[in-house]
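Results of the structural survey
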Amino acid sequence: MRGLYLVTPNWDDTGKLLDVTEQALRAGVALLQYRHKDADPALRLAQASALLALCRRYACKLVINDFVELCQEIGADGVHVGGTDASVAQVRAALGPDLIVGASCYGDLALARRAQQEGASYVAFGGFYPSKVKKYPVTTAPSIVDDAKREIALPCVVIGGMTPENAAPLAARGSDMVAAISSVYLADDVAGAVRRFNTLFPQ
């Protein structure tokens, strides 16, 4: 796991969501997370299914935010859990050993240690910068990336107001993926935004 971790916005317009996502996938996305906190179950199923088909076309894995049953129903590649969702251990038990289980660890290395013990596939830290989408304290110190790389044998994701410019120092510290929403989905040049993020992770 290395590169841009793209997270979807709360868009009800499925056509627009798929169009912008395809532009991004074509430019090169390492991992896509379907996240729509406000969708009803029917919309969530329709959007997740369509996104999975797109991901299969572009050889990108799809994880579902929170909804284990939805992941299982459509055959997605895994689930991302936050601090108020089911535990990593519960999700790992439900999904088995082969699917992706990601964990939000905010600014807390102890949460990352626990996630690793419970079978997480990656750990995500943030917010580092003010976000247009997710409301949380901007209190995560960049040094947590250094600490995580020393202690946690899992890919490290950084999130929270990420742009190619302000993500650069975190990538330089060793973060494996940068998670972004608005910097890609609201960009005038979606593919260009993706490519700028990808320059942070030379192959």
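Residues numbered from 1 in each chain as written. Predicted model: local features only at pLDDT ≥ 70, side-chain atom pairs only at ≥ 80, totals over all residues. Heavy atoms only, no water.

Bringing the overall build of the chain into the picture now. Summing up its helical and strand segments, the chain has nine helices and eight strands in all. Against the 2.2 N^0.38 benchmark of 17 Å for 203 residues, the chain shows a C-alpha radius of gyration of 16 Å, consistent with a compact globule. Of all 203 residues assigned to the chain, the portion counted as buried reaches 53%. Excluding contacts between residues fewer than 6 apart, the proportion of contacts in the chain whose partners are at least 24 apart in sequence is 59%. With the model as given, the accessible surface of the chain reaches about 8,900 Å², and the carbon-plus-sulfur share is 52%. (Helix = DSSP H or I, 4+ residues; strand = E, 2+ residues; numbered from the N terminus. Rg over C-alpha atoms; globule rule 2.2 N^0.38 Å. Buried < 20%, exposed > 50% of the residue type's maximum accessible area, 1.4 Å probe, protein only. Contact = heavy atoms within 4.5 Å. Areas by Shrake-Rupley, 256 points an atom, 1.4 Å probe, with all protein chains shown as cover.)

Time to look at the packing of aromatic side chains. Under the definition given, this model contains two aromatic pairs. Measuring from centroid to centroid gives 5.6 Å for Tyr 5 and Tyr 122, while their planes differ by 90°, and the two rings are edge-to-face. Placement of the pair is Tyr 5 in strand β1 (residues 3-7) and Tyr 122 in strand β6 (residues 122-125), with a sequence separation of 117 residues. When the centroid spacing of 5.4 Å and the interplanar angle of 85° are considered together, the rings of Trp 11 and Tyr 185 count as edge-to-face. With Trp 11 in the loop between β1 and α1 (14-27) and Tyr 185 in helix α8 (residues 182-185), this residue pair connects regions lying 174 residues apart in the sequence. As far as burial versus exposure is concerned, Trp 11 and Tyr 185 are alike and both buried. Positioned over the ring face of Trp 11 is Lys 16, at 4.3 Å from the centre of the ring. (Phe/Tyr/Trp six-rings, centres within 6.5 Å; stacked < 30°, edge-to-face > 60°. Lys NZ or Arg CZ within 6 Å of the ring centre and 35° of its normal.)

Topologically, Thr 21 is positioned in helix α1. Thr 21 gets classed as buried once you look at its relative accessible area, which sits at 0%. In this structure the side chain of Thr 21 is engaged in a polar contact, spanning 2.6 Å, whose partner is the backbone oxygen of Leu 17. For Thr 21, the residues in contact, after removing those within four places along its chain, are Leu 32, Leu 51, Leu 54 and Tyr 185. (Polar contact = N/O pair within 3.5 Å; in protein donor to acceptor, adjacent residues only side chain to side chain.)

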